[in-house]
Amino acid sequence: MKDRVFIGIGSNVGDSEENCIRSIKEMLKDGRLRFQGVSSLYRTAPVSTIPQDDFVNCAIFVSWAGSPLSLLEFLMSIENRMGRVSDGRKDSPRVIDLDILLFGNLVLQEHSLTIPHAELHKRRFAMVPCLEIDPQIIHPGLRRPLAKFLGKIDDQQSVERIRKISMDEIGL
Ligand code: ADP
Ligand code: MG
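Residues numbered from 1 in each chain as written. Chains lettered and ligands numbered in written order. Predicted model: local features only at pLDDT ≥ 70, side-chain atom pairs only at ≥ 80, totals over all residues. Heavy atoms only, no water.

Chemist: Teacher, can you tell me more about the overall build of the protein chain here?
Modeler: Within the protein chain, the regular secondary structure consists of four helices and 10 strands. Listed N to C, the secondary structure of the protein chain is β-α-β-β-β-α-β-β-β-α-β-β-α-β in terms of helices and strands. Taking 172 residues into account, the globule formula puts the C-alpha radius of gyration at 16 Å, and the protein chain, at 15 Å, falls close to it. Overall size of the protein chain, expressed as C-alpha extent along the three principal axes, is 40 × 35 × 35 Å. When each of the 172 residues of the protein chain is scored for burial, the buried share is 49%. Considering only residue pairs separated by 6 or more positions, the protein chain has 71% of its internal contacts joining residues 24 or more positions apart. For the protein chain, the computed accessible surface area is about 8900 Å², with 49% contributed by carbon and sulfur atoms. Charge-centre separation for the protein chain: the mean point of 23 positive side chains lies 5 Å from the mean point of 23 negative side chains. (Helix = DSSP H or I, 4+ residues; strand = E, 2+ residues; numbered from the N terminus. Rg over C-alpha atoms; globule rule 2.2 N^0.38 Å. Buried < 20%, exposed > 50% of the residue type's maximum accessible area, 1.4 Å probe, protein only. Contact = heavy atoms within 4.5 Å. Areas by Shrake-Rupley, 256 points an atom, 1.4 Å probe, with all protein chains shown as cover. Lys, Arg positive; Asp, Glu negative; His and termini not counted. Charge placed at Lys NZ, Arg CZ, Asp CG, Glu CD.)

Chemist: Honestly, the pattern of salt bridges in this entry has me stumped. Any pointers?
Modeler: It is possible for side chains bearing opposite charge to pair when their charged atoms get close. What the rule picks out here adds up to 11 salt bridges. In this structure, Arg163 engages Glu17 in a salt bridge whose closest nitrogen and oxygen atoms are separated by 3.2 Å. Here Arg163, found in strand β10 (residues 159–163), pairs with Glu17, found in helix α1 (residues 16–28); they are 146 residues apart in sequence, far enough to count as distant. Between Arg22 and Glu26 there is a salt bridge, with its nearest N and O atoms 3.7 Å apart. Linking Arg22 with Glu26, this pair stays in helix α1, spanning four residues, or about one helical turn. Its relative accessible area of 34% is what places Arg22 among the partly exposed residues. Here the residues in one salt-bridge network are Glu17, Arg43, Arg163 and Glu169, joined through shared partners. (Salt bridge = Lys/Arg side-chain N within 4 Å of Asp/Glu carboxyl O.)

Chemist: Sorry, what's going on with unusual backbone geometry here?
Modeler: In most cases, non-glycine residues show a negative phi, while peptide bonds are predominantly trans. Looking along the chain, the bond that leaves Ile115 and enters Pro116 is cis, with omega of -10°. Along the chain, Pro116 turns up in the loop between β7 (113–115) and α3 (124–133). Phi is positive for Arg143, close to 55°, though the residue is something other than glycine. Positionally, Arg143 belongs in the loop between β8 (138–139) and β9 (144–145).

Chemist: It is not clear to me how the coordination of the magnesium ion (ligand 2) should be interpreted in this structure. Could you clarify?
Modeler: The expected angle between donors at a tetrahedral four-coordinate metal is 109.5 degrees. At an octahedral six-coordinate metal it is 90 or 180 degrees. Taken together, the protein donors to the magnesium ion (ligand 2) comprise Asp97 (OD) and Asp99 (OD), at separations of 2.1 to 2.2 Å. Looking at Asp97, the relative accessible area reads 15%, which means it is buried. (Donors = N, O, S within 2.8 Å, 3.2 Å for Na, K, Ca; no water.)

Chemist: I would appreciate a short explanation of helix α2 (residues 68–81) in the present structure.
Modeler: Side chains of residues three or four places apart in an α-helix project in the same direction, reflecting 3.6 residues per turn. End to end, α2 covers 20 Å across 14 residues, agreeing with the expected 20 Å (1.5 Å per residue, within 8%). For α2, the set of buried residues is Pro68, Ser70, Leu71, Leu72, Phe74, Leu75, Ile78 and Glu79. Gly83 lies just past α2 and shows a positive phi near 90°. (Expected span 1.5 Å × (residues − 1).)

Chemist: Whenever I open this one, the packing of aromatic side chains confuses me. Can you help?
Modeler: Any two aromatic rings considered together are summarised by their centre-to-centre distance and by the angle between their planes. Taken as a whole and judged by the stated rule, the model has two aromatic pairs. When the centroid spacing of 4.6 Å and the interplanar angle of 15° are considered together, the rings of Phe6 and Phe61 count as stacked. Taken together, the residues Phe6 in strand β1 (residues 3–11) and Phe61 in strand β4 (residues 55–64) connect sequence positions 55 residues apart. The class for Phe6 is buried, based on a relative accessible area of 6%. Taking the relative accessible area as the measure of exposure, Phe61 reaches 10% and is therefore buried. (Phe/Tyr/Trp six-rings, centres within 6.5 Å; stacked < 30°, edge-to-face > 60°.)

Encoded structure:
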């Protein structure tokens, strides 16, 4: 079975636009993943108590022929390959962050994996790219249109569109 999945991508260390693009290319190399769509790139304010640079964020929409845990492992292997190092603190700067935001209509709460992503409906930088791809998304856990949650978010969470991602630059 192939599930329709939204993956959130973020970077605020190094060339962040390039890091996001490279992570998409890395994902597309795997035969279990089929590309369905990609959002624009956005410049976003960090949601963290640690002072740090702005992020570049985007999202891709794919189908995944495997389990949610196999997808998480796959995304973590790309984060590692791209040189993500943890300083042990949550919300610290990162070369690349790949999150499973939605996995079909699945609602899952396991030790290492929460689906939909626990912060999806609280983070403008995660919702805006997904809603650009599909404005009709329903949050399967909260059972409401994702767009409804945008209105509840603090204005400090700025999200500015930078540009579209071309099929050429991700090798499609
Ligand atoms: P965040 O992306 O929320 O800033 P991190 O990337 O630092 O946090 O957290 C990584 C950990 O979050 C992973 O080790 C993974 O086990 C856990 N996790 C739980 N749910 C998800 C999810 N839906 N997508 C990605 N990672 C998740
Ligand atoms: Mg993450």
